[in-house]
Amino acid sequence: MTPSSPSSGPLPNDTAEQTAEEKIPAQKAAPVKKAAPAKKAAPARKAAAKKVPAAKKAATSAAKKPAAAAAGKKAAAEKVPAAKKTPASKKTPAAKKTTSITATAGKSTAAARKTAAPAAKKTAKTAAKKSPAAGKPAAARKRAPGKAPAVVGQVGPQAGPSPSIALDAADRERLLAGTHHDPHSVLGAHLHPEGVVFRALRPFALSVTVVSGDLRADLHDDGDGLFSGLLPLREVPGYRLRVTYEGTVREVEDAYRFLPALGELDLHLIGEGRHEELWKALGAEPMTHQGVTGTRFSVWAPNARGVRVAGGFNYWDGTGYPMRSLGGAGVWELFVPEIGEGELYKFEITRPDGSRSLRADPLARRTEAPPNTSSIVHTSRHEWQDADWLARRGEVPVTESPFSVYEVHLPSWRPGLTYRQLAEHLPAYVKDLGFTHVELMPIAEHPFGGSWGYQVTGFYAPTARLGTPDDFKYLVDRLHQEGIGVLMDWVPAHFPRDDWALAEFDGRPLYEHEDPLKSAHPDWGTLEFDYGRREVRNFLVANAVYWCEEFHIDGLRVDAVASMLYLDYSREPGQWVPNEHGGRENLDAVAFLQEMNATVYRRAPGVVTIAEESTAWDGVTRATHHKGPSGFGGLGFGLKWNMGWMHDSLQYMGKEPVHRKYHHHDMTFSMVYAYSENYVLPISHDEVVHGKRSLVSKMPGDWWQQRADHRAYLAFMWAHPGKQLLFMGQEFAQGAEWSEAHGPDWWLLDPAYGAEPDHRGVRDLVRDLNHAYRAAPALWQRDTDPAGFQWITSDAADDNVLAFLRLDAEGTPLLSVSNFSPVVRHDYRLGVPDDALGWQEVLSTDAARYGGSGLTHPDPLKPEPQPAHGRPASVRLTLPPLATVWLRPA
């Protein structure tokens, strides 16, 4: 998208008029005996002086129409206004005392030295009297093309002839066309056999003066914004440039006097695809370089013919800011002095076909809020307060810890709140409900809000819709301080085709595969990453590390893993190419996921990665170095979403109770494979949108039965082996589908609403489920160990009853019993271990405070020595309708 016009306004005006010392007009060459009158400005120059508004419009147009940057620049160059007139009589006394030494290109420097001494003895006033231009306005004394620049101050001796210093035609054309690979080799200051050559590219400038101590030297105007001059110096001095524009003068550092701000090791690691802190090497990095503050811009664009930086600081005209190519890594770099935090920028890329494209920075750490698309220079100033959390988060493996997750879409959880405002509400809400973690739907910047963040353009930038990157850090920090872990959805499977983002970034497929059969995602109209290219893998692996290290994220839930693993995913025969072994596995994606997981676990202890993988791929949560029956090493994830359990159990719950006995296996089949992976049981956003209805609305029957089923199902889920995830709004039985436009229906919890107790009762149950869950290690300590689960009855299909034991590491059990029929079952006998003296009800979803019928067991149940379900003892209890009951040894 075209960036908006810069808001900075005109360049700061140092002074409306310049003293003679600040801006010495061009004079005759010293060796010439007869002073010739100064040539008048060319007619085109005079015409330009009358078109000041047009020049300003051209500069603004460059910001609004980047696609026409070349034409706009040319037009502006033709309309550069002349300098303001400054009478010679306004020269300062200091200027009158300054020695003047002038050398003309093509003249002998030896001759210049012969005349320099006498000239130095004359006062500025005497020299002025002998010049026909003396006393004339500055504009009338303007140097004609080809004349030497004026040099003021003491300079070193000259040696040898002074050849032409103008750029050759090839360099000039490449600079102006934005295709020069090494602008630093021709711009800036360079030693020359006859002194030091200075060259500058300053579009729209009226004049450029080199300033070094007492030295002032006007550079020759070579046209098209190019200025040059040869000064008789022995070495390159420290210097600045005084640039005169219409109505203003700026003294600035020359970006082309600096060495590369990117080290050889960085370039080597980028070339190898092994730079694990890529965000510190590419993008916009504010820094102090060679004693000067500024920002280093760097970007990977190996197919580009040239790259320039455009932004608010140069009115979106990148002509004067060409970047240099550093070696064979495909990286372009430019250190821009005096540019810092908050500046808007993009990269202007000249593509192989010669066309230009203005692109957002792939590694921008901050962006404009959509629909604006510019990148923003960013420096983090957040001071973390979560050291205690980070120190203890990895003490116990996540598979052996309580792990219940509240999934949140931040922009719609409380619509209109910023990151910092959310930090005042979300941690308290989640802590009160007892969840151990929040999972944030994608935070990375994305142009279309309706994608919920799953089509990312700014992989390194939190969305600006809710605030700055530091604001997001503040939210994470506050959650940690309340003891809540932060998981984040991460989307390395694909990216959108926006022409200002990653698609054909440098004019050719770069981040995407060059083969259309492998690059086009058939479901979402997006592009898939080329996982076989080491730089692309590096971009994604470093991105995973970035979120964990820079934002203290505790886990990454990786979206759409199945679409990455299979070459034929959603493709018909003939639309995909088999791998080198003739199979359908995407070997490059497998290698990428293994590398990502291994790197994250090595660098960020305590972090967990979670795969949304919907197939039976072998070894999703197996270590990468352990090969399975398929011959592949594990993918290395810590956890995997159990999509099979979700699908089967919701299918069962959607049936009328009278039909459930025919689908009983849907609730028991999950235990056949429960220990094949480390599972999360997800009731996510995907299950409550696009016509699927909310969780409570999936349940059959009247409103009471729907809520009862909803409560019974949640308690069954919390007791089932695996971790839990529940999407926002389902904790209080929201009846409507979720919409990102307005978020959860919080009004259902308004005490003024008549049915508020029904919804509050469900939320109270979720709170009690989480607290009882945390207090019972049997429910989480052996989630991945078959010894932690025992069926009591799995075949009571006619009764719609399921009963099982969960056991902790010490063997202490918890009994879960679910009755998914709408009838009360009195004196229902269940076999139990015979070493417990009694069984105390921990929780019943039928409790009156949750909205149930109130059939509970307030007193302990004593086991009887009557065998049942293959056990020597049994208990008799009353099973409430559509309810789940938890009991533990009394």
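The rules behind the values
Residues numbered from 1 in each chain as written. Predicted model: local features only at pLDDT ≥ 70, side-chain atom pairs only at ≥ 80, totals over all residues. Heavy atoms only, no water. Pairing = 2+ DSSP bridges. Helix = DSSP H or I, 4+ residues; strand = E, 2+ residues; numbered from the N terminus. Axes fitted to C-alpha atoms, helices over the stretch in contact; angles between N-to-C directions. Contact = heavy atoms within 4.5 Å. Expected span 1.5 Å × (residues − 1). Buried < 20%, exposed > 50% of the residue type's maximum accessible area, 1.4 Å probe, protein only. Polar contact = N/O pair within 3.5 Å; in protein donor to acceptor, adjacent residues only side chain to side chain. Core = buried A, V, L, I, M, F, W, Y, C linked by side-chain atoms within 4.5 Å. Salt bridge = Lys/Arg side-chain N within 4 Å of Asp/Glu carboxyl O. Phe/Tyr/Trp six-rings, centres within 6.5 Å; stacked < 30°, edge-to-face > 60°. Lys NZ or Arg CZ within 6 Å of the ring centre and 35° of its normal.

K.L.:
Would you mind going over the sheet that holds strand β31 (residues 789-796) with me for this structure?
P.N.:
Note on sheets: strands pair through backbone hydrogen bonds, and any given pair is parallel or antiparallel. With respect to topology, 5 strands assemble into an open sheet ordered β31-β32-β33-β37-β35, the strand pairing being antiparallel. A single partner strand is all that each edge strand has here, and the edge strands are β31 and β35 (839-844). Looking at each pair of strands side by side, their axes are set apart by 20 degrees on average, direction ignored. Here β31 runs beside strand β32 (residues 801-807); their pairing, made up of 5 bridges, is antiparallel. Paired with Gln790 across the strands is Leu805, a residue of β32. Contacting β32, β33 (813-819), β35 and β37 (883-889), helix α23 (residues 703-719) crosses the sheet at an angle of about 40 degrees to β37. Here helix α24 (residues 756-775) sits on the sheet and contacts β35 and β37; the angle it forms with β35, its principal contact strand, is near 140 degrees.

K.L.:
Sorry, what's going on with helix α17 (residues 587-603) here?
P.N.:
Along an α-helix, a turn takes 3.6 residues, which lines up residues three or four apart on a common side. Between its terminal C-alpha atoms α17 stretches 24 Å, which fits the 24 Å expected from 17 residues at 1.5 Å a residue. If you check which residues of α17 are buried, you get Ala589, Val590, Phe592, Leu593, Gln594, Glu595, Met596, Asn597, Thr599 and Val600. Elements that come into contact with the buried residues of α17 comprise β23 (485-490), α15 (534-550), β26 (555-558), α16 (561-565) and β27 (608-611). Between the side-chain oxygen at the start of α17 and the backbone nitrogen of Asp588 there is a gap of 3.2 Å, and the oxygen is on Asn586.

K.L.:
How do you make sense of the pairing of strand β9 (residues 240-245) when you look at a structure like this?
P.N.:
Consecutive side chains of a regular strand alternate in pointing toward one face of the sheet and then the other. Within β9, 5 of the 6 residues are buried, which leaves the element mostly enclosed by the surrounding structure. The pairing of strand β5 (residues 207-212) with β9 spans 5 bridges and is antiparallel. In the sheet register, Thr209 faces β9, and the bridge partner there is Arg242. In terms of strand pairing, β9 meets strand β10 (residues 248-252) through 5 bridges, oriented antiparallel. When the sheet's bridge partners are listed, Tyr245 is paired in β10 with Thr248. Joining the antiparallel neighbours β9 and β10 is a turn of 2 residues, in which Gly247 adopts a positive phi near 85 degrees.

K.L.:
Would you explain unusual backbone geometry in this entry?
P.N.:
Trans is the common state for peptide bonds, and a negative phi is the common state for residues other than glycine. Residue Pro370 is joined to Pro371 through a cis peptide bond whose omega torsion reads 10 degrees. Among the structural elements, Pro371 can be located in the loop between β17 (356-359) and β18 (375-376).

K.L.:
Quick question: what am I supposed to make of the nonpolar core here?
P.N.:
In a soluble, globular protein the nonpolar side chains are often hidden away together inside. Formed by 175 residues in total, the largest nonpolar core has its most connected members in Phe297 and Trp547. By residue number, the principal contributor to this core is α15, which donates 10 residues. The contacts of Trp547, once residues within four sequence positions are left out, are Ile443, Ala444, Phe459, Tyr460, Ala461, Pro462, Phe472, Met488, Trp490, His552, Ile553 and Leu556. Listed in part, the 20 residues of the second largest apolar core include Leu807, Leu830, Leu877 and Val885.

K.L.:
Help me understand the pattern of salt bridges, please; the structure alone is not making it clear to me.
P.N.:
Two side chains with opposite charge may pair up if their charged atoms get near one another. Enumeration over the complete set of coordinates arrives at 45 salt bridges. Its salt-bridge partner being Arg557, residue Glu612 comes within 3.4 Å of it at the nearest N-O pair. Taken together, the residues Glu612 in the loop between β27 and β28 (639-641) and Arg557 in strand β26 connect sequence positions 55 residues apart. Side by side, Glu612 and Arg557 carry an identical accessibility label, which is buried. The salt bridge partner of Asp618 is Arg622, with a shortest N-O separation of 3.2 Å. With a relative accessible area of 30%, Asp618 lands in the partly exposed category.

K.L.:
Which parts of the structure should I look at to understand the side chain of His664?
P.N.:
Residue position: His664 is located in the loop between α19 (657-660) and α20 (665-668). There is a polar contact of 3.1 Å between the side chain of His664 and the backbone oxygen of Ser794.

K.L.:
Could you clarify how one ought to interpret the packing of aromatic side chains in this entry?
P.N.:
How two aromatic rings sit relative to each other is given by the distance of their centres and the angle of their planes. One pass over the structure, following the stated rule, counts 46 aromatic pairs. Taking the centre distance of 5.7 Å and the plane angle of 70 degrees together, the rings of Phe459 and Phe539 count as edge-to-face. Pair noted here: Phe459 is in strand β22 (residues 458-462) and Phe539 is in helix α15, with a separation of 80 residues, a long-range link. Accessibility expressed as a relative area gives 2% for Phe539, which makes it buried. The ring of Trp413 is capped by Arg414, whose NZ or CZ atom sits 5.4 Å from the centre of that ring. Seen from the ring of Trp641, Arg557 lies directly overhead, with NZ or CZ sitting 4.1 Å from the centre.

K.L.:
Explain the environment of Ser694 here, please?
P.N.:
In this structure, Ser694 sits in the loop between β29 (679-683) and α22 (695-698). For Ser694, a relative accessible area of 0% gives the class buried. The sequence separation of Ser694 and Gln734 amounts to 40 residues, and the corresponding C-alpha distance is 6.7 Å. Only 3.0 Å separates the side chain of Ser694 from the side chain of Ser697, close enough to count as a polar contact.

K.L.:
Explain α24 to me, please; I cannot follow it from the model alone.
P.N.:
For α24, which comprises 20 residues, the first-to-last C-alpha distance of 29 Å matches the rise-based estimate of 28 Å (1.5 Å per residue) to within 8%. Of all the 20 residues making up α24, 14 are buried; the element is thus mostly covered by neighbouring parts of the structure.

K.L.:
How should the environment of His521 be read in this particular structure?
P.N.:
As for its position among the elements, His521 is in the loop between α14 (516-519) and β25 (527-528). Here His521 falls in the buried class, since its relative accessible area comes to 4%. In the structure, His521 is positioned 43 residues away from Met564 in sequence and 9.9 Å away in space, judged by C-alpha atoms. Ignoring sequence-local partners within four residues, the contact set of His521 consists of His494, Thr526, Glu528, Ser563, Tyr569 and Arg571.

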